[in-house]
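Remarks on the overall topology
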Amino acid sequence: MVTAEEIEARKAEIETSDDLRGLLDRLVARAEPVLTRRVAIPEVKALLSTDGGVCPKDHAPLLFDPWSPDRHVCSVCGEAQTGERHHAHWARAQHLWVAERAAHLATVGIFAGRHDAIAKARELVRAYYDLYFALPNRDNVLGPSRLFFSTYLESVWITSYFAAAFLLREMGALDDADVNSINLIADEAANLIGEFNEGSSNRQTWNNAALAALAVWFGDEELARDTIEGPTGLLAHLTDGFGPDGMWFEGENYHLFAIRGLLVGLAWARIAGSDLLEDSELAGHFNNALLAPARTALPDLTFPARKDSRYGVSLSHPAYLESWEVGRAALGGPASADLIPWLRALYARPVTPAVTYDAYLHEAGETVATHRFRRDLSWWALLSVAPELPEAEGPWEAATELLPGQGLAVFRRGDRYVSLESGAQGGGHGHADRLHLTLHDRGVHWLPDPGAGSYVARDLFWYRSTLSHNAPRLDGKSQPAGDARCLAFEAGEQWGWVVGRFGDMTRYVVSGPEWVLVVTEVESHVHHVFDAAWHPNASSAVTTPGSWQAREIGEEFLTEVEELTLSSPGAVTIEAVEAGATFRIVLLGGTLLRASAPGLPGETGRRTMYIQRGEGLYVHFVTVLDSAGTVTTVSESADGIVVSAGGKQTTIRLTAEHAVVTGADGTVTLGGSFGPERPASRLFKQRPLETVGRALWAHEPPPIDGTLAGFDTTEPLEMADESHYLRSEEPYPGPEELSATGFVNWDNGHLYVGVDVVKPEVVIRRLDAPPLRFDNEPDDVNADGVQIHYQMPDGTVAGYLIRPVSDDDVTVRALTPGSPPPDRVRAMWQRTDDGYSITAAVPCTDLAHVGVAPRIRFDLVVNEMRSDRVRRAGQLVWSGQVGWVYLRGDRHHPDSFGVLECVG
C-alpha cells in the first residue's frame, strides 16, 4: 500500500524502471475487460459443499471463470454444468476476484491517470455497501463470515477491498457518503474477524492482515497495536509461527499462504507506523522464512505436498513469485541477496498448470503464457516491488540439510532428492505420516507425498491416512496423533544418513552416491502387525518369481489385495517405469502385499501400491531404492546389510548412533546423533479444572421410554450457562432457549443416561432426508440430538450419537471404533412441555468388579439445530467448553471428558 505522500515518489520509480513500466502497461491492458464489460457481483453467500464446483461426470473441479456466473466448465471433460450449488461455489472466488479488481483499477487510475478506472473501482466498492449486510452471518464452516463460509476468506477479501478503498480515499475519489458506508463495513468486519482468533493458525495471519488494514482505515492506534504486538499478532506469527529453520509449522503449502498474509499485514503495519523489518534480527528471521520453501523444493521446483498440501503445485505460481518479490523489496539491500538467484530460477521455469488460489485470482479468465515475467504480476507488485531484479551471481543451488523445526531431512545429489519426515505432526493440517519417505530423481517423482485433495471429498480420509504415504504403521491402523523425533543426521561428501523415531517405530535412511538404503523396524514389548507402505508413482510390477493369492485386509480404499508367495527365499524387486526411466524397490523381510489404491489427488485412475508386512515383538524391514539401475542383489548377514551395485559391494552396519559404510573406496562412519530432548516446560501451565459428577446405582433398570421415569435424579449434570456452550455465530441464547440436565445411573452391565433438554423448537432430521452434501462431517450432527462419550477404567473409549428421526423413534450411531455395536444400545425420546428428553441404556464393562466407587471418564454433548439454518447452531458440553463449534463434527477427545464417580 502507498499513501498520498508516497504516490509521487513511486511514479518516479515506475518512470525510470523498464520492469515497472512494463508491469503498469500490462495492468492497464488487463483492466480493459473489467472497464468494458459488466462485472457480475454474486448476490449469494459462498457455499462449501461436496457437489458445488465439482463435475458430476468425472468428479474433477470446475474451472473458475469470472465472466461466467451460471455456466461452469469441467477442467477434465470440458462439459458445462449449471445449478445453485455450482453458482454458490463460484461466488467464493468471484467475491475475492471483484475485490482484487477494485484494487487493481484504483492502482491503474492513480499511476496511469485513467479516470474511467477510478470510476469503475468506486463502482465495485459501492456494490458491497448493502450486499455485505444482506448476506447472513450464518451456517459457516470455520468462523463468522458474511460473504463466505469461513473468517479467513473474509479477511482475504477485506485486504483487497480496503486496499481499493484506501487508495481511492487517498486520491480524494470518495465522498462522505462513500466513507460512511465503508465505515459500516469496516466496523462489522472488525467485529467478525476480531472475535474469532485462530491463534497460531496460518489463517490468523490473514485475520491479522485484515485487522491491520481496518486499523489503518479508522486510524485506530489501539487496534493497530493489538494486531501487531498481541499474543497472536503479526509479530508473534513472524517470530514463532516461522520456526528457527524458517518454515511455518504447518508445512510448505500453509507456509506460502501465511507468508503472503504476513507480507500484507506488514505493509499495513508500516502505514500504521510500525515497520517491524527495521529490526535487523527480525529482518534476518524473515529472510530465513522467505527462503525456507526454496530449501525444501523438489528438483522440478514444485513444493513437496506435505500435510494438507495440494499436490504438484509449482513454486513459480505468480502468488508465490510476488511474495518473494515483495519480501525482497521489504528487506532491501544485501539482506535479500539470496532471493535473487532463487527468483531467477523460478522465472526461468516453464509454467505448470495454474491453480485457483484464494489470495491471488489475478490471472482468472486469462490464458496463461508459457513463462511468467515480472510484468505479469499484480497491482500490489506495482506498489511494492523493487524497480529491477539484478542478474544472479550464480545459479540457484539447494543443499542437503536438516530443517530441525520440521524434523525434515533432505538429501540432494545431482537431480536426486530424498527426504524423511521425523518431526512434529504439524497441527490440525498434519497427517498420520511420521517417518514418510519422498524420492524424486531423474525428473520423476517416484515416491511422492500425496498431500490432500478436496476437504469435502471422501478420499480426504485416504490421503490423511498412514497407508497412503510411504510410511510405517502398527496393527492395521493409521498412526495416532503425535510427533516423531530425529535421532541422528549427518551429511558427508558421498554418504549421508538420518534416523527418525515415532513411538516404537524407527526408520534409518542412508543416502549414497547411487542408491538409498531404508531400514524400518519396530521393537516393542507387545506383539504387533507391522506394515511399511510403498507407492511408486508409475506403472509398476514385481519382477521376482512367485505366486499371488487374494487377501482381505479390511481397508476401505483398497481393492484387489493380494499376497506374494516367493518361488524361493530372498529379496523381492519391484520395478517401475516412467518417462523412459526405471526405478527399482528391492525389499528384504516380511511378506509382500499389493493392492489397487487411489491415485494422487486429481487423478481419476488408480495405482498399484505395496505393503511390507511382518509380525512380532521385533520386526525389521530392509529396502533399497535404486533409480540409477545399478543394484543387483541385497542381502543381510551378521556383518550388516550388503548391497551389490555396479560391480561393487557395499556393507552397511547400523546402530542407534552410527552408520558404518564399508566399500571398495574404504570405510565411512556417519554419526551426528542428538541427545534426548528436554522435557517440555510446565512453567505457567495450569491443569484444566476437571468436571466431576456422580452416577447412581440403578436398583432396577429404568424403562428407557424417553422419559425420566425410573431414573434416580438426585445427582443432576447441569448445562445451563455459557460456560458449557460452543457456538457457531451467535452467543449463548440463555437457559430458557437452550439448556440441558443429564442424569446417569449404572449397574453391572450398563450406563443409563437420561437427558432433559430445554429448547422451544425441536428440529428433527428424518432418516429419509436428502443428504446435505456439505462436507465430510456426518449429516446427523446438524440436527437436535445428544452425544454420549465414555471411557471405562480399562481404557476402552465408546461413544454414540442419539437423535430423534420421527415422533416416536430415534437412531443410534457409534462414534468411536471401540464402541459396542449400536444395536446393543436401547434409546427413545419424548417431547416435553419445554423441549424434549432422551433416555438410553449403553453397554459397559462390569463396573462392580473394578472396586468401590469406580470412576469413569464421561461427557454429554447436546447438539443444537434451528429451523432457519442448514448447519447446527451450537453445542452444550457437560464437561465445560467455551468457544466455537467449528470443525468438531462428532469428535470429542477423551482428554476433554469429565469424570463420573459411580456410587451405589
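Residues numbered from 1 in each chain as written. Predicted model: local features only at pLDDT ≥ 70, side-chain atom pairs only at ≥ 80, totals over all residues. Heavy atoms only, no water.

**Focus on the pairing of strand β36 (residues 874–877)**
Neither face of β36 is left uncovered, since the one carrying Gly 874 and Leu 876 and the one carrying Gln 875 and Val 877 both have all their residues buried. Note: strand β27 (residues 725–727) against β36, three bridges, orientation antiparallel. Opposite Leu 726, over in β36, you have Gln 875 as the bridge partner. Relative to β36, strand β35 (residues 855–864) runs antiparallel, the two sharing four bridges. Within the sheet, the bridge partner assigned to Glu 864 lies in β36 and is Gly 874. (Buried < 20%, exposed > 50% of the residue type's maximum accessible area, 1.4 Å probe, protein only. Helix = DSSP H or I, 4+ residues; strand = E, 2+ residues; numbered from the N terminus. Pairing = 2+ DSSP bridges.)

**Overview of helix α4 (residues 115–126)**
The end-to-end C-alpha separation of α4 is 17 Å, in line with the 16 Å expected for 12 residues at 1.5 Å each. Of the residues making up α4, those classed as buried are Ala 117, Ile 118, Lys 120, Ala 121, Leu 124 and Val 125. Along the axis of α4, the buried positions cluster into a sector of 165 degrees, meaning they face one direction only. Here the buried face of α4 lies against α2 (18–36), α3 (84–112), α5 (128–134), α6 (151–170) and α7 (176–195). (Expected span 1.5 Å × (residues − 1). Arc of directions from axis to C-beta. Contact = heavy atoms within 4.5 Å.)

**Let's talk about empty space enclosed by the protein**
Tallied over the entire structure, the rule returns six cavities of 30 Å³ or more. Size it by volume and the largest cavity reaches roughly 190 Å³. Around the largest cavity, the lining is made up of 18 residues, and of these Thr 159, Ser 160, Arg 260, Ala 359 and Trp 379 lie nearest the centre. Where the lining of the largest cavity is concerned, the elements lending two or more residues are α3, α6, α11 (252–271) and α15 (379–384). It is α6 that provides the largest number of residues to the lining of the largest cavity, a total of four residues. When the residues that make up the lining of the largest cavity are grouped by side-chain class, the tally is 10 nonpolar, four polar and four charged. Lining the second largest cavity are 15 residues, with His 535, Pro 598, Gly 599, Leu 600 and Arg 607 positioned closest to its centre. (1 Å grid on protein atoms, 1.4 Å probe; cavity = no way out; pocket = protein on both sides within 12 Å on 5 of 7 lines; lining within 4 Å. Points joined across faces, edges and corners; volume = space filled by probe spheres on them. Nonpolar A, V, L, I, M, F, W, Y, C, P; charged D, E, K, R; others polar.)

**Concerning the sheet that holds strand β22 (residues 648–654)**
On the basis of which strands lie adjacent, the open sheet formed by five strands has the order β20-β21-β22-β23-β24 and antiparallel pairing. At either end of the open sheet lies a strand with only one pairing partner, and these are β20 (631–637) and β24 (666–670). On average, adjacent strands in this sheet sit at an angle of 15 degrees to one another, irrespective of strand direction. Where β22 meets strand β23 (residues 659–663), four bridges bridge the pair, whose relative direction is antiparallel. Among the inter-strand pairings, Ile 652 is bridged to a residue of β23, identified as Val 661. (Axes fitted to C-alpha atoms, helices over the stretch in contact; angles between N-to-C directions.)

**Description of the environment of Arg 306**
For Arg 306, the location among the structural elements is in the loop between α12 (280–296) and α13 (318–331). Arg 306 gets classed as buried once you look at its relative accessible area, which sits at 2%. Measuring from C-alpha to C-alpha, the distance between Arg 306 and Ala 409 comes to 13 Å, with 103 residues separating the pair along the chain. Setting aside residues no more than four positions away along its own chain, Arg 306 makes contact with Met 247, Gly 251, Glu 252, Gln 406, Leu 408, Glu 421 and Asp 449.

**Comments concerning the packing of α3 against α6**
In the contact formed by α3 and α6, the axes pass within 8 Å of each other and the chain directions differ by 20 degrees. Between α3 and α6, the crossing angle belongs to the class labelled roughly parallel. The way α3 lies across α6 gives a crossing that is left-handed. Here α3 contributes Arg 92, His 95, Leu 96, Ala 99, Glu 100, Ala 102, Ala 103, Ala 106, Thr 107 and Ile 110 to the contact with α6, which in turn contributes Tyr 152, Leu 153, Val 156, Trp 157, Ser 160, Tyr 161, Ala 163, Ala 164, Leu 167 and Leu 168. (Parallel < 35°, antiparallel > 145°, perpendicular 65-115°, else oblique. Left-handed = near helix turned anticlockwise from the far one by under 90°.)

**A closer look at the layout of surface pockets**
Empty space within the second largest pocket amounts to approximately 490 Å³. Lining the second largest pocket are 23 residues, with Arg 270, Ala 329, Ala 330, Leu 383 and Ser 384 positioned closest to its centre. Looking at the lining of the second largest pocket, the elements that each hand over two or more residues are α1 (4–15), α11, α13 and α15. In the lining of the second largest pocket, the residues fall into 16 nonpolar, two polar and five charged.

**Digging into the confidence of the model for the protein**
Summary statistics for the protein give a mean pLDDT of 94 and a share of 98% for residues scoring 70 or more. For residues 678–687, every residue scores under 50 in pLDDT, and the model assigns this stretch zero contacts once sequence neighbours within four places are set aside. (pLDDT = per-residue confidence, 0-100.)

**What about the sheet that holds strand β7 (residues 444–447)?**
What the five strands build is an open sheet, ordered β3-β4-β5-β6-β7; its pairing is antiparallel. Among the strands making up the open sheet, the edge pair consists of β3 (401–403) and β7. Across this sheet, the average inter-strand angle for adjacent strands is 15 degrees, counted without regard to direction. Taken together, the two bridges between strand β6 (residues 437–441) and β7 define a ladder with antiparallel strand orientation.

**Overview of the packing of α7 against helix α8 (residues 202–218)**
Taken N-terminus to C-terminus, the directions of α7 and α8 make an angle of 145 degrees; their axes are 10 Å apart at the nearest point. As α7 packs across α8, the resulting crossing turns out to be left-handed. In contact with Val 179, Ile 182, Asn 183, Ala 186, Asp 187, Ala 189, Ala 190, Ile 193 and Gly 194 of α7, α8 contributes Asn 207, Ala 210, Leu 211, Leu 214, Trp 217 and Phe 218. Considered class by class, the residues forming the contact of α7 with α8 number 11 nonpolar, three polar and one charged.

**A word on the nonpolar core**
Counting 133 residues, the largest nonpolar core has Trp 157, Tyr 161, Phe 162, Phe 286 and Trp 324 as the members making the most contacts within it. If you look at the next biggest cluster of nonpolar residues, it comprises 40 residues, including Val 757, Ile 788, Ala 840 and Phe 858. (Core = buried A, V, L, I, M, F, W, Y, C linked by side-chain atoms within 4.5 Å.)

**Notes on the environment of Gly 734**
Residue position: Gly 734 is located in the loop between β27 and β28 (739–746). Exposure remark for Gly 734: the relative accessible area of 11% places this residue in the buried category. A C-alpha to C-alpha distance of 45 Å links Gly 734 and Gln 406, two positions 328 residues apart in sequence.

**A short note on the packing of aromatic side chains**
Scanning all chains against the criterion turns up 30 aromatic pairs. When the ring of Trp 446 is compared with that of Phe 583, the centres are 5.2 Å apart and the planes differ by 25 degrees; the resulting orientation is stacked. Of this pair, Trp 446 sits in strand β7 while Phe 583 sits in strand β17 (residues 581–588), placing them 137 residues apart in sequence. Judged by relative accessible area, Trp 446 falls into the buried class, the value being 0%. In this structure an aromatic cluster arises from ring pairing among Tyr 128, Tyr 132, Phe 133, Trp 157, Tyr 161, Phe 162 and Trp 217. Looking at Arg 37, its charged tip hangs above the ring of Trp 67, at a distance of 4.3 Å from the centre. Taking the ring centre of Phe 373 as reference, the NZ or CZ of Arg 375 above it sits at 4.5 Å. (Phe/Tyr/Trp six-rings, centres within 6.5 Å; stacked < 30°, edge-to-face > 60°. Lys NZ or Arg CZ within 6 Å of the ring centre and 35° of its normal.)

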